[in-house]
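Read off the chains here:
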Amino acid sequence: WSTTSTIRKSDLNGNNKQTIFTGFAECLDVDIVNNKVYISSSTGIRRFNYDGSSVELLVSSGIRAMGVDYLNTNSLYFSTVSSGNLLYKSDLDGSNIQLVFSLPSGNFIHRLDVNVIDSTIYYYVSTSNTIRKIDIDGNDLGIIGSGFPPISTLNQLSVEPYTDKIFIANSNNGLFASGTI
């Protein structure tokens, strides 16, 4: 889990808590195939081993949203602070950056997650308070929900691909919601 200044890990029963990274993390994702943790912030995207070793800076621009597809495309998907209406992908090492799709100017991608089972990306658009879905090639698959809290309080968007659930965390009132995708 992440606080504003550390990334921590523990056993599933809550024992053996350890800090594995110190530094701000806006987004966090895990590559269970290659045993890597990916984090993003205003300084870029970093990855490191599960024990916190071998920290690498992969993308050096401010990141708004990030997700990892470790199963199908072996790609990072992300939007930057300076180009928040654009979704990019790169290889898992940050190389080979390509534009996947763009939203109309004035719209911003603030949270995203990759469903590695069905190769889709779910993302939150702050200007319309909606969650949308695209395939990994950038083809729009529509709005899946609207009326979500504003970005200032929407902390996380996560897809659980085995049960077809989407989860959002809202820091404003502590609500944690889920729904079927």
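Residues numbered from 1 in each chain as written. Predicted model: local features only at pLDDT ≥ 70, side-chain atom pairs only at ≥ 80, totals over all residues. Heavy atoms only, no water.

Undergrad: Report on the side chain of serine 79, specifying residues and quantitative values.
TA: On the secondary structure map, serine 79 appears in strand β8 (residues 75–80). There is a polar contact of 3.1 Å between the side chain of serine 79 and the backbone oxygen of isoleucine 109. Among residues more than four places away in sequence, those in contact with serine 79 are Gly62, Ile63, Arg64, Ala65, Gly84, Leu86, Leu87 and Ile109. (Helix = DSSP H or I, 4+ residues; strand = E, 2+ residues; numbered from the N terminus. Polar contact = N/O pair within 3.5 Å; in protein donor to acceptor, adjacent residues only side chain to side chain. Contact = heavy atoms within 4.5 Å.)

Undergrad: Quick one: what's the story with the nonpolar core, residue by residue and with numbers?
TA: Ile45, Leu76, Leu87 and Leu112 are the most contacted members of the largest nonpolar core, which has 29 residues in total. By residue number, the principal contributor to this core is strand β7 (residues 63–69), which donates four residues. (Core = buried A, V, L, I, M, F, W, Y, C linked by side-chain atoms within 4.5 Å. Buried < 20%, exposed > 50% of the residue type's maximum accessible area, 1.4 Å probe, protein only.)

Undergrad: Summarise a nonpolar patch on the surface; cite the residues concerned and give the values.
TA: Taken together, the side chains of Val30, Ile32, Val33, Leu71, Ile117 and Tyr162 make up a nonpolar region of the molecular surface, amounting to roughly 590 Å² of accessible area. Exposure remark for valine 30: the relative accessible area of 30% places this residue in the partly exposed category. (Patch = residues over 30% accessible without salt bridge, like charges linked within 9 Å, V, L, I, M, F, W, Y side chains within 5 Å. Areas by Shrake-Rupley, 256 points an atom, 1.4 Å probe, with all protein chains shown as cover. Salt bridge = Lys/Arg side-chain N within 4 Å of Asp/Glu carboxyl O.)

Undergrad: Run through the packing of aromatic side chains, naming residues and quoting values.
TA: Throughout the structure, instances matching the rule amount to two aromatic pairs. Both rings, one in phenylalanine 101 and one in tyrosine 123, keep their centres 5.4 Å apart while their planes meet at 50°; by these two values the pair is tilted. Note that phenylalanine 101 is positioned in strand β10 (residues 98–102) and tyrosine 123 in strand β12 (residues 120–125), a separation of 22 residues in sequence. A relative accessible area of 2% places tyrosine 123 in the buried class. (Phe/Tyr/Trp six-rings, centres within 6.5 Å; stacked < 30°, edge-to-face > 60°.)

Undergrad: Tell me what's going on with the sheet that holds β8, and back it up with residues and numbers.
TA: Within a beta sheet, neighbouring strands are joined by backbone hydrogen bonds and run either parallel or antiparallel to one another. With antiparallel pairing, four strands are arranged side by side in an open sheet as β7-β8-β9-β10. Strands with a single pairing partner mark the edges of an open sheet, and in this sheet they are β7 and β10. Across the sheet, the mean angle from the axis of one strand to that of its neighbour is 25°, orientation sign disregarded. Bridge count between β8 and strand β9 (residues 86–91): four bridges; the pairing is antiparallel. Bridging across to β9, tyrosine 77 finds its partner in lysine 89. (Pairing = 2+ DSSP bridges. Axes fitted to C-alpha atoms, helices over the stretch in contact; angles between N-to-C directions.)

Undergrad: Run through unusual backbone geometry, naming residues and quoting values.
TA: You will see that asparagine 16, though not glycine, has its phi angle at about 60°, which is positive. Secondary-structure assignment places asparagine 16 in the loop between β1 (6–9) and β2 (18–22). On the basis of relative accessibility, which here comes to 52%, the residue asparagine 16 falls in the exposed class. For asparagine 129, which is not a glycine, the phi torsion comes out positive at approximately 50°. By relative accessible area, asparagine 129 is classed as partly exposed at 24%.

Undergrad: Requested: an account of the side chain of lysine 133, with residues and values cited.
TA: Structurally, lysine 133 can be placed in strand β13 (residues 130–135). Although lysine 133 is buried, it makes no salt bridge; aspartate 118 carries the closest opposite charge, 4.4 Å away. Not counting the four nearest positions on each side in its chain, lysine 133 is found in contact with Asp118, Thr120, Ile121, Tyr122, Tyr123, Asn139, Asp140, Leu141, Gly142 and Ile144. (Lys, Arg positive; Asp, Glu negative; His and termini not counted.)

Undergrad: Let's hear about the pattern of salt bridges: which residues, and what values?
TA: Applying the stated criterion across every chain yields a total of two salt bridges. Taking the shortest distance from any N to any O, the salt bridge between arginine 47 and glutamate 56 comes out at 2.8 Å. Using a relative accessible area of 29% as the deciding quantity, one classes glutamate 56 as partly exposed. Across the salt bridge formed by arginine 132 and aspartate 140, the nearest N and O atoms sit 2.6 Å from each other.

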